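# Structural features, examined
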Amino acid sequence: MKAEQLHGDLTRVLFTEAEIERRIAELAAQIDSDYAGKEPLLVGVLNGALMVMADFSRALASHCEMDWMAVSSYGAGTQSSGVVRILKDLSVDIKGRHVLVVEDIIDTGLTLAYLIQNLQSRGPASLEVMTMFRKPEALKGAVVPRYVGFDLPDEFVVGYGLDYAGRYRNLRDVGTLAPHIYA
Ligand code: PRP
């Protein structure tokens, strides 16, 4: 789905499909270089990271493996509570592996803080984070992602894996949701 097919659901497009593709290629080149000879294990955090994992892993010129986690914050609110439940754990042992967590977005940073603590306890050789998007609040967080695609304004943003009520993940561009959609 493209932004122009949404007919007024967005107030503006922040990043086009082409801009996202270019940024993914830059990150992949950097990570190819940083992980030369290391064959990283990419850990995607479902569901939002599906798009970035698919594009980023294919933009790499070197070998990698992929695995997935699904986590959920306790509570029904729209804000992260910081208490995270693992719905699906990794299938592989990460002891001694070079692990790169792949996220779509860091908002409060609470999900990532939990994940990093949990994964670190399993004894990886290295543990870093790549996130496609970062919200302003994340800059206050304890975990600093090594690789960041784009910083976002403090707006309600959808597309490229980011959803509102389950929708818009399949939007190729990223944009700000019009208030009438969520009012
Ligand atoms: C999103 C995103 C991160 C988390 C970030 O997941 O994928 O995992 O929120 O938020 P935080 O920094 O405030 O903790 P979400 O729980 O919305 O699930 P989803 O990936 O299925 O959309």
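Residues numbered from 1 in each chain as written. Predicted model: local features only at pLDDT ≥ 70, side-chain atom pairs only at ≥ 80, totals over all residues. Heavy atoms only, no water.

### Some details on helix α1 (residues 17-34)
We apply this condition: The helix and strand labels rest on DSSP assignments: H or I over at least four residues marks a helix, E over at least two residues marks a strand, and numbering proceeds from the N terminus. For a helix, the expected span equals 1.5 Å multiplied by the residue count minus one. Relative accessible area decides the class of each residue, using a 1.4 Å probe on protein chains only: under 20% of the type maximum gives buried, over 50% gives exposed, and in between gives partly exposed. Arc definition: directions from the helix axis to the C-beta atoms. Contacts are residue-level and defined by heavy atoms, with any inter-residue pair within 4.5 Å sufficient.
Its 18 residues give α1 an end-to-end C-alpha distance of 26 Å, which sits within 8% of 26 Å, the value for a rise of 1.5 Å per residue. Within α1, the full set of buried residues consists of Ile20, Ile24, Leu27, Ala28, Ile31 and Asp32. For α1, the angular spread of the buried residues around the axis is 140 degrees, confining them to a single face. Set apart from the buried face of α1 by more than 90 degrees, the exposed residues are Arg22 and Ser33. Elements in contact with the buried residues of α1: β1 (10-15), α2 (50-59), β5 (98-106), β6 (126-134), β7 (147-151) and β9 (174-177).

### Details of the environment of methionine 130
Mapped onto the secondary structure, methionine 130 falls in strand β6. Through-space distance from the C-alpha of methionine 130 to that of glycine 44 is 9.8 Å; in sequence the pair is 86 residues apart.

### Examining the pattern of salt bridges
Short version of the rule: By definition here, a salt bridge exists when the distance from a side-chain nitrogen of Lys or Arg to a carboxyl oxygen of Asp or Glu is within 4 Å.
For the structure shown, the criterion picks out 12 salt bridges. Across the salt bridge formed by glutamate 128 and arginine 146, the nearest N and O atoms sit 3.8 Å from each other. Linking glutamate 128 in strand β6 with arginine 146 in the loop between β6 and β7, this pair joins segments that are 18 residues apart in sequence. Connected through shared salt-bridge partners, Asp34, Glu128 and Arg146 make up one network.

### Things to note about the site of the ligand
The condition is simple: Residues are classed as near a molecule or strand on a simple rule: at least one heavy atom within 4 Å of it. Between N or O atoms, a polar contact is any pair within 3.5 Å; within protein, one atom must be a potential hydrogen donor and the other a potential acceptor, and residues adjacent in sequence are included only when both atoms are from side chains.
Around the ligand, the surrounding shell holds 15 residues, and the nearest of these are Glu103, Asp104, Thr108, Gly109 and Thr111. Between the ligand and glutamate 103, the relevant distance is 2.7 Å, taken from an oxygen atom to a side-chain nitrogen or oxygen of the residue. Interatomic distance of 2.5 Å between a side-chain N/O atom of threonine 108 and an oxygen atom of the ligand. Where the shell around the ligand is concerned, the elements lending two or more residues are β5 and α3 (110-120).

### A short note on the nonpolar core
The condition that has to hold: Put simply, a nonpolar core is a bunch of buried Ala, Val, Leu, Ile, Met, Phe, Trp, Tyr and Cys residues held in one set by side-chain atoms that sit within 4.5 Å of each other.
Ranked by internal contacts, the top residues of the largest apolar core, which has 26 residues, are Val52, Phe56 and Phe133. Within the residue set of this core, elements represented by two or more residues are β1, α1, α2, β5, β6 and β7. With five residues, the top contributor of residues to this core is α1. In this view, phenylalanine 133 contacts Phe15, Asp104, Ile105, Ile106, Phe150, Leu152, Tyr160, Leu162 and Val174; residues no more than four positions away in its chain are not counted.

### Brief notes about the packing of aromatic side chains
What counts, and what does not: The criterion for an aromatic pair is that two Phe, Tyr or Trp rings (for Trp, the six-membered ring) have centres within 6.5 Å, with stacked assigned to planes under 30 degrees apart, edge-to-face to planes over 60 apart and tilted to the rest.
This structure, assessed with the given rule, holds six aromatic pairs. When the centroid spacing of 4.0 Å and the interplanar angle of 15 degrees are considered together, the rings of phenylalanine 15 and phenylalanine 150 count as stacked. Note that phenylalanine 15 is positioned in strand β1 and phenylalanine 150 in strand β7, a separation of 135 residues in sequence. Take phenylalanine 15 and phenylalanine 150: they sit in the same class, and that class is buried. Through pairs of rings, three or more aromatic residues link up here, namely Phe15, Phe133 and Phe150.

### Comments concerning the sheet that holds β1
Selection rule: Any two strands with at least two DSSP bridges between them are considered paired.
Here three strands make up an open sheet; going across it, the order is β1-β9-β8 and the pairing antiparallel. Either end of the sheet is taken by a strand with one partner, and the two such strands are β1 and β8 (157-158). Where β1 meets β9, four bridges bridge the pair, whose relative direction is antiparallel. Residue valine 13 lies in a different strand from β9, and its bridge partner there is glycine 175.

### What to know about the pairing of β5
Counting buried positions over the nine residues of β5 gives eight, a clear majority of the element. In terms of strand pairing, strand β2 (residues 41-46) meets β5 through four bridges, oriented parallel. Bridge pairing in β5 places glycine 44 opposite valine 102. Relative to β6, β5 runs parallel, the two sharing eight bridges.

Function cannot be inferred from these measures alone, as they are strictly geometric.
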